[in-house]
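Report on the structure
Residues per chain, in single letters:
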Amino acid sequence: MTLLFNISYRTVFGEELVLNIVPDNNATAKEQFKMTTLNGSEWSCSVNSMAKPGAVVNYFYSVMKNGVEVRKEWAVESHRLTLTAVKGVSYTIYDNWIDNPEDSYMYSSAITECLAARKKAEAKAVEYSKTVKVKVRAPQLRGNERLAIMGNIKELGGWEALKAHPMTEQQPNEWVADIDVTNVTADTIELKFVALDEETDYTPLWENSNNRRIELPKMNNGDVVVYELGLAFFSIYPVKAAGVVVPVFSLRSEGSFGVGDFGDLKMMVDWVAMTGQRILQILPINDTNITHTWTDSYPYNSISIYALHPQYADLRQLPELKDKARRDHYAALQKELNALPQIDYERVNNAKMDYLRELYAQEESTLGKKADFKAFFSNNKEWLVPYAAFCYYRDLYGTATFSQWPDHHSLPDKEREAMAKASTAMYKKVAFWYYVQYVLDTQMRAAHDHAREKHVILKGDIPIGISRDGVEAWVEPRYFNLNGQAGAPPDAFSVNGQNWGFPTYNWDEMISDGCSWWVRRFTKMAQYFDAYRIDHVLGFFRIWEIPIDAVHGLLGQFSPSLGMTVEEIESYGIRFNEDRYTRPFITDWTLDRMFGEKAAMVKEQFLDRLDDERYQMKPEFDTQRKVEAWYKEMKSEECRMKNEDLRDALYAMISCVLFVRDRKDSKKFHPRIGVQHDFIYESLHDSDKYLFNRLYNDYFYRRNNQFWYYEAMKKLPRLTEATRMLVCAEDLGMVPDCVPWVMNQLRILSLEIQSMPKDDKVRFGHLSRNPYRSVCTISTHDMSTLRQWWDEDYEQTQSYFNTMLHRGGAAPHPLPGWLAKEIVMRHLTCPSMLCLLSLQDWLSMDEKLRLPDANAERINIPANPRHYWRYRMHMTIEQLMASDEFNANVKEMILQSGRK
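Presented here is an overview of the structure given in this document. (Residues numbered from 1 in each chain as written. Predicted model: local features only at pLDDT ≥ 70, side-chain atom pairs only at ≥ 80, totals over all residues. Heavy atoms only, no water.)

**As for the overall build of the protein chain**
When its secondary structure is counted, the protein chain shows 27 helices and 36 strands. For 900 residues, the compact-globule estimate of 2.2 N^0.38 gives 29 Å, and the C-alpha radius of gyration of the protein chain, at 31 Å, lies within 12% of that figure. Taken along its principal axes, the extent of the C-alpha atoms in the protein chain is 105 × 80 × 75 Å. Within the protein chain, the fraction of its 900 residues that count as buried is 57%. Put simply, 73% of the contacts in the protein chain that link residues at least 6 apart link residues at least 24 apart. When the accessible area of the protein chain is evaluated, it comes to approximately 39,000 Å², of which 50% is carbon and sulfur surface. Taken as two groups, the 108 positive and 123 negative side-chain charges of the protein chain have centres that lie 3 Å from each other. (Helix = DSSP H or I, 4+ residues; strand = E, 2+ residues; numbered from the N terminus. Rg over C-alpha atoms; globule rule 2.2 N^0.38 Å. Buried < 20%, exposed > 50% of the residue type's maximum accessible area, 1.4 Å probe, protein only. Contact = heavy atoms within 4.5 Å. Areas by Shrake-Rupley, 256 points an atom, 1.4 Å probe, with all protein chains shown as cover. Lys, Arg positive; Asp, Glu negative; His and termini not counted. Charge placed at Lys NZ, Arg CZ, Asp CG, Glu CD.)

As C-alpha cells, then:
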C-alpha cells in the first residue's frame, strides 16, 4: 500500500519539512520521513505501508533546520487517517498544517466530554472501487448535533440536507466521510457541510461559506484521495458557561464526617447541574499531612503531587465495620463533628484515619485478591510506593523533615522493590497507605464520571509549589533548589511579600528531560478533572525566590532574571557603593525613628558598631531566621506576644538594603523590591532617588520581558499539550508584559477580577472589556468575599456604587441581597467565556440563606502564613438543593445571561 502525503507550507531557506508517523500514538517511537519540494511551498512524501485495512495512521508534520526541530504542529490533536476502504491500494493525501487554533479550548475534554459530549459512532467498513475521503474540523457543534456532507452529486444527497452523506467523528471535533466516486463523471464536486440535530427535526444548519469545490483527479480502481478541508463554520453562539467555586473541605452534607468528602462532591455536582451551571471548581485535594496538626489545613503545601488527602474519603461508600460498638462510636462522633460550624482539622483527620485503619484491618485479607485494587497498584506504583514509604517513615520518626531522619535520607531501590511485593514484610508495613489511596482514587474517579454524566466540568487546581518536606523533594531532589524559598513580591495582600516556603524548581534539569515530571503530574490530574487552574502562572516565567535565611519576601529576587552589573547600574548615573547599598542600613536616626526610647536597648542587645555612621546586626541576629529562632525560644506565649513588634522591627532592619546580590553571580545585583518605603531610600539625595526610580522601573517592568517570554515558552507549551484539559491561569500580581503574549499564544484563559484591574489607569475593571478567553470572578479564596469587600472601605464602595453600578446617593451597608444580585448579574453578562463565582458570592443574593456573619465566610488571609483553613458551608447541600426560590433565581439569571 502506497501513501502519498502532500501539504502546502511555505518555508525559508535552510528549512525542510518532515513527516512523523506515530505508531500507537507513542510520539517517542515516531518514524520520520523527509519530504521533498520544488518551490519551498508544496511538499510531498511517499511511504510504503504494510498497514491493513481498518488500521489507523497517526502523524504530524514538523520543520527541521540543520537537523534540529524548530517548529511542529499542534500536539493535542494530530492528523489521523483511517484506512477504511477495503480495496484501497494507493492513498493520495492532501493536508493542511495544523497550528494551535484560536478556539483550541473547544478541543479540550471540558467541551468534548462534558458540555458537548456526544455518543461516539464507529465508522462502518465500506468497499468502493474509487473513494474520496473528506476530513474536516467542526468544533462549534453542540452535543446533540452531528455533521453531514451534501453536494451536487447524488452520493451527497443532491443538495438535500436531510439526504446528506453522514460523517463520523473520528477524534474530537474532526469528522470524516468516505464517498463513493466510482460512477462520478464530473471533474469537480461542489459540497457544503451541514449540522443535523440527533434529537429533534429542526431545520438543518448550513455552514456559513460559499460552496466548497474539490477537484477529482484521474483515479484507478483501488485509489483513495483524502482531502483535509478547512474549518466548518456555523452561526452558533460561542460557548459561555457559569459555575461555582468551593473547596471540597468546605462542603457539608447530612452524612459527611465534619469535613467535605468525595461523596459530597457528587452531590454538589447535582446542585450545579440543577441550577443550570456547568462548572464546579475546587481547590487542591492532595495530601498535606506533614505535622498531623491544624497547620496541615493549608491545601497548597502537599506532600505528594499525586496522592489524595485521606480526609476526603467518604466513609459512607465503604463497607461497614463489623464491630457494632465501634460503628456506634463513629456514628456519634460523625454527628458531633458534623454539627461544628467550622472544621476541626485535627479531630476530623484523626477520626477518619482511625476508621480507615480499623476498616483496613478488617478487609486486608481480601484486598489483594481484588482485580481493581491490583490494577490501581500496577498503574500507580511509580509514585504510590515512594508515597507510602514516606508516610511510614514520617510517622515512624515523628517528623516529615526527612533531613532529620536518622536514616533513609533517600529511598533505596531494593527497599522500593520490596515494598512493591505483597509477599514481603516491608509491603505489609506500608500497604495501609496503598489501601487509602485506592479508596480515594476510586471515589474521586466516580465523582469525575458523575460530573461528566451531568455535563458538568470538574475544574482542579495545580499549586505552583511542592513541600520541601514531601515525597518529591525526598526521591527526586534533582528537580528542586532546596536552598531557596518560593514566594511572591509585596502586593495588596501582603506588604512584606509572601514566603510560601516551597523550594524553587531546577528548570534546567526539568527541561533537559522534556518536563517529564510535569507531564506525569498533569496526566494524573486528567484522570480526575477536565479543566484546571494554574496557580500563580507567573512562576513559569519567573518565580520570586527568597534566601533560605529570610522570613519575609522583601529580600527576594526574580529567578531566573537578568541581574545588573555595577557598570549597568552606574550607567543610570548612580554611583554604586556596594558596601553601603547591600548592607542593612542602620543608624542612630533610623533607630530613634523605629524604637524611640527603646533604641539604646536594641543597640546593646542586637547591634555592633560598624563605622562612625552605621551599625550592623550581631552575628547571632544577622538573618531573619536567627531572629525568628530567638523569638520562638521565648518561654511563654505572653512573652512572645510582648516582643512581637520588636521581632517585626528587627526583620525590617535586616531587609533595609537598596540592592540584593544575585544568587548565582555575586558580581550582579537586583534593586530590592518596595525599597522606596525604607530608610535606605529615604537617605538618598532627591536626584539619586530620581535616578534609582528610573533604574527600578526599567528593571521590574521592561528589562526581563523578552527573556521571561522565552523562559515560559520553554515550559508551558509542553505542559498545556500534555493533556486535553481546559487550561486556565491565575495571572494576578506583578504581571510583566510578556505574560499576556504567552497566554494568548497558547490560548490559556486569563483570570479577570473587577476589583483588581490589569489596567493601572482605572480603579475598577470594566466588565465589558473582559477578553472572551477568560474566567471572570468577583473574589477568590485569597480575597474577601463580595459582602466583606463591600464593608471594608466605604470610600471605595461608594466609588464603585456610583461609577460602576451607575447609581446615585449613598451606597447601602451592609450589602443588601438585591444589590448583590445586580453585581452578580453584571458579571454573568460580561464577555468572559467562564463566569465562576464562589459559593459565598452566589449566596450573597439571598438574605434568608446567606451566613449572617459575613466575616465567617473568609477562606484564607494570605498575609497570615499560619492561617487556619477551616471554612465550611453553614447549610447542608440537601438544604441548598431544597431552596427552590434561590435555585430558580440562579437558573433564570444564567439563562438570561446567555450562559448554558
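**Side note on the sheet that holds strand E27 (residues 543-547)**
Pairing is antiparallel across the open sheet formed by four strands, whose spatial order is E24-E23-E27-E28. Of all strands in the sheet, those with a lone pairing partner are strand E24 (498-499) and strand E28 (557-559), marking the two edges. (Pairing = 2+ DSSP bridges.)

**Some words on helix H15 (residues 624-632)**
What H15 keeps buried is the set Gln-624, Val-627, Glu-628, Trp-630 and Tyr-631. The arc that holds every buried residue of H15, seen down its axis, measures 160°, which confines them to one face. Its buried side turned inward, H15 meets helix H14 (599-606), helix H16 (637-642) and helix H17 (644-654). (Arc of directions from axis to C-beta.)

**Side note on the pattern of salt bridges**
It is possible for side chains of opposite charge to pair when their charged atoms get near one another. Per the stated rule, a full pass over the model turns up 57 salt bridges. Residue Arg-672 pairs with Asp-678 through a salt bridge whose shortest N-O separation is 2.6 Å. The residues Arg-672 and Asp-678 share a single accessibility class, namely buried. For Arg-702, the salt bridge goes to Asp-698, with nearest N and O atoms at 2.6 Å. Within this pair, Arg-702 and its partner Asp-698 are both found in helix H19 (residues 686-703), separated by four residues, close to a single helical turn. (Salt bridge = Lys/Arg side-chain N within 4 Å of Asp/Glu carboxyl O.)

**Here's the deal with the packing of aromatic side chains**
Taken as a whole, this structure holds 70 aromatic pairs when the rule is applied. Here the aromatic rings of Phe-692 and Tyr-696 are separated by 6.0 Å at their centres, their planes lie at 45°, and the arrangement is tilted. In this pair, Phe-692 and Tyr-696 are both assigned in helix H19, four residues apart and thus about one turn of the helix distant. The same class applies to Phe-692 as to Tyr-696, namely buried. Following the ring pairs from residue to residue traces out a cluster consisting of Trp-544, Phe-558, Phe-576, Tyr-581, Phe-659, Phe-669, Tyr-681, Phe-692, Tyr-696, Tyr-699, Phe-700 and Trp-708. In this structure, Arg-542 packs its charged tip against the face of Trp-708, placed 5.1 Å from the ring centre. Above the ring of Tyr-615, the side-chain terminus of Arg-609 is found at 4.0 Å from the ring centroid. (Phe/Tyr/Trp six-rings, centres within 6.5 Å; stacked < 30°, edge-to-face > 60°. Lys NZ or Arg CZ within 6 Å of the ring centre and 35° of its normal.)

So, to be careful, I would describe these as geometric facts and stop short of saying anything about function.
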